[in-house]
Amino acid sequence: MKISSAEFIKSATNPGNYPPPELAEIAFAGRSNVGKSSLINVLVNRKSLVRTSSTPGRTQLLNFFNINTGSFSLVDLPGYGFAKVPLSVKKAWGPMMRTYLETRESLKAVVFILDIRRVPREEDIQMLDWLEEFEVPTIPVITKIDKLKRGQRDKPLKEIAAATGLPKDAFSLFSALTKEGKEEVWERIEAALEA
Ligand code: GTP
Ligand code: MG
């Protein structure tokens, strides 16, 4: 994918303030600090289009980006599972996410991101259940693979596959640090945009 432009459009919390559903859209979901924003920045070749956080759980909004002057849009979804988030924020997260996944007519696929060093938890499985329930095509990605040597990757990959019920080869392996996997993730996104 050649990127000629990448622009922030707006933040939103509910359908009343989403941008109009005019462009095919790909969203990025995963727990807080998993690397959603970093993945988007690498995909669009920008250091900081999307703010990455040293304070996990800060992004509690849906952030919409317009790519290649109106070709399609990317959405950075709020992360989940961060312990120090206020209860009110935690309670808002579920309905906000469900509503988006259920109603967003321009949504073509969700890139579902897991950390290679972490066993998927309840909220990850919840997210997968919603994606299935609302029939949203899913692109599973395991990120931060630079944290492990090649020979060490198979064991956590097997554990993640077992915990999610997805086959091992459903996952694209990615690193925002080395950019390994970038082309593969783009190919899957392009296929989803064209479907
Ligand atoms: P929230 O917006 O809080 O939900 O987090 P996020 O999922 O957007 O994560 P973000 O991209 O902000 O990354 C969190 C931290 O992980 C940052 O310190 C990143 O530099 C780091 N990080 C992200 N991706 C990678 C990766 O592939 N490899 C390594 N080594 N670090 C990464
Ligand atoms: Mg983020």
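Think of each chain on its own: its residues are numbered from 1, step by step along the sequence as written. Lettering of chains starts at A and numbering of ligands starts at 1, both following the order in which they are written. Selection of residues for local features in this predicted model requires a pLDDT of at least 70, selection of side-chain atom pairs for listing and counting requires 80 or more, and totals for whole chains, interfaces and linings are taken over all residues. Where side-chain values are given, they derive from all heavy atoms of the structure, hydrogens and water being excluded.

Asker: Explain the pattern of salt bridges residue by residue, including any values.
Answerer: Take a side-chain nitrogen of Lys or Arg and a carboxyl oxygen of Asp or Glu: if they are within 4 Å of each other, that pair is a salt bridge. Taken as a whole and judged by the stated rule, the model has eleven salt bridges. Across the pair Arg118 and Asp115 runs a salt bridge, and its minimum N-O distance is 3.7 Å. The class for Asp115 is buried, based on a relative accessible area of 4%. Put simply, Lys155 and Glu159 hold a salt bridge, and the shortest N to O gap is 3.5 Å. Remark: Glu159 and Lys155 occur in helix α4 (residues 154–164); sequence separation between them is four residues, near one turn of the helix. The classification of residues rests on relative accessible area computed with a 1.4 Å probe and restricted to protein chains. Under 20% of the type maximum is buried, over 50% is exposed, and intermediate values are partly exposed. We classify Lys155 as exposed; its relative accessible area is 60%. Only DSSP runs of H or I covering at least 4 residues are called helices, and only runs of E covering at least 2 are called strands; the numbering of each starts at the N terminus.

Asker: Would you mind going over the packing of aromatic side chains in detail, with residue names and values included?
Answerer: Any Phe, Tyr or Trp ring, taking Trp's six-membered ring, that has another such ring centre within 6.5 Å forms a pair; planes under 30 degrees apart are called stacked, those over 60 apart edge-to-face, and the others tilted. As enumerated under the stated definition, the model contains seven aromatic pairs in all. Between the aromatic rings of Tyr18 and Phe64, the centroid separation amounts to 5.8 Å while the plane-to-plane angle is 45°, which identifies the pairing as tilted. Here Phe64 lies in strand β3 (residues 62–67) and Tyr18 lies in the loop between β1 (6–12) and β2 (25–30), a separation of 46 residues in the sequence. The same class applies to Tyr18 as to Phe64, namely buried. Judged by centre distance (5.0 Å) and plane angle (55°), the ring pair of Tyr80 and Trp93 falls under tilted. Taken together, the residues span a long stretch of sequence, with Tyr80 in the loop between β4 (72–76) and α2 (87–103) and Trp93 in helix α2 at a distance of 13 residues. Overall, the relative accessible area of 3% leaves Tyr80 in the buried class.

Asker: Outline unusual backbone geometry, supporting the account with residue identities and numerical values.
Answerer: At Thr69, a residue that is not glycine, the phi angle is positive and equals roughly 35°. Following the sequence through the fold, Thr69 ends up in the loop between β3 and β4. Given the relative accessible area of 65%, Thr69 is considered exposed. For Lys179, which is not a glycine, the phi torsion comes out positive at approximately 65°. Note on placement: Lys179 falls in the loop between β7 (172–173) and α5 (182–194).

Asker: Explain the environment of Glu7 residue by residue, including any values.
Answerer: Looking at the element boundaries, Glu7 is found in strand β1. Judged by its relative accessible area of 47%, Glu7 falls in the partly exposed class. For the pair Glu7 and Phe65, spaced 58 residues apart in sequence, the C-alpha to C-alpha distance is 5.5 Å. Glu7 has contacts with Leu49, Phe64, Phe65 and Asn66, leaving out every residue within four places of it along the chain. Two residues qualify as a contact provided that any one of their heavy atoms is within 4.5 Å of a heavy atom in the partner residue.

Asker: Requested: an account of the side chain of Asp124, with residues and values cited.
Answerer: Take Asp124: it is sitting in helix α3 (residues 122–133). Residue class for Asp124 comes out buried when judged on its relative accessible area of 2%. In the analysis that follows, any N or O atom pair within 3.5 Å is treated as a polar contact, provided that within protein one partner can donate a hydrogen and the other can accept it, and provided that, for residues neighboring in sequence, both atoms belong to side chains. Among the polar contacts listed, one links the side chain of Asp124 to the side chain of Arg31, at a separation of 3.5 Å. Not counting residues up to four positions away in its chain, the partners in contact with Asp124 are Arg31, Tyr80, Phe112 and Leu114.

Asker: Break down the sheet that holds β4 for me, with residues and values.
Answerer: Pairs of strands are assigned from DSSP output, requiring at least two bridges between the strands. One open sheet holds the seven strands; their spatial order is β1-β3-β4-β2-β5-β6-β7, and the pairing between them is mixed. Of all the strands in the sheet, the pair left with one neighbour each is β1 and β7. Sheet topology places β2 next to β4; four bridges connect them, and they run parallel. Paired with Glu25 across the strands is Ser73, a residue of β4.

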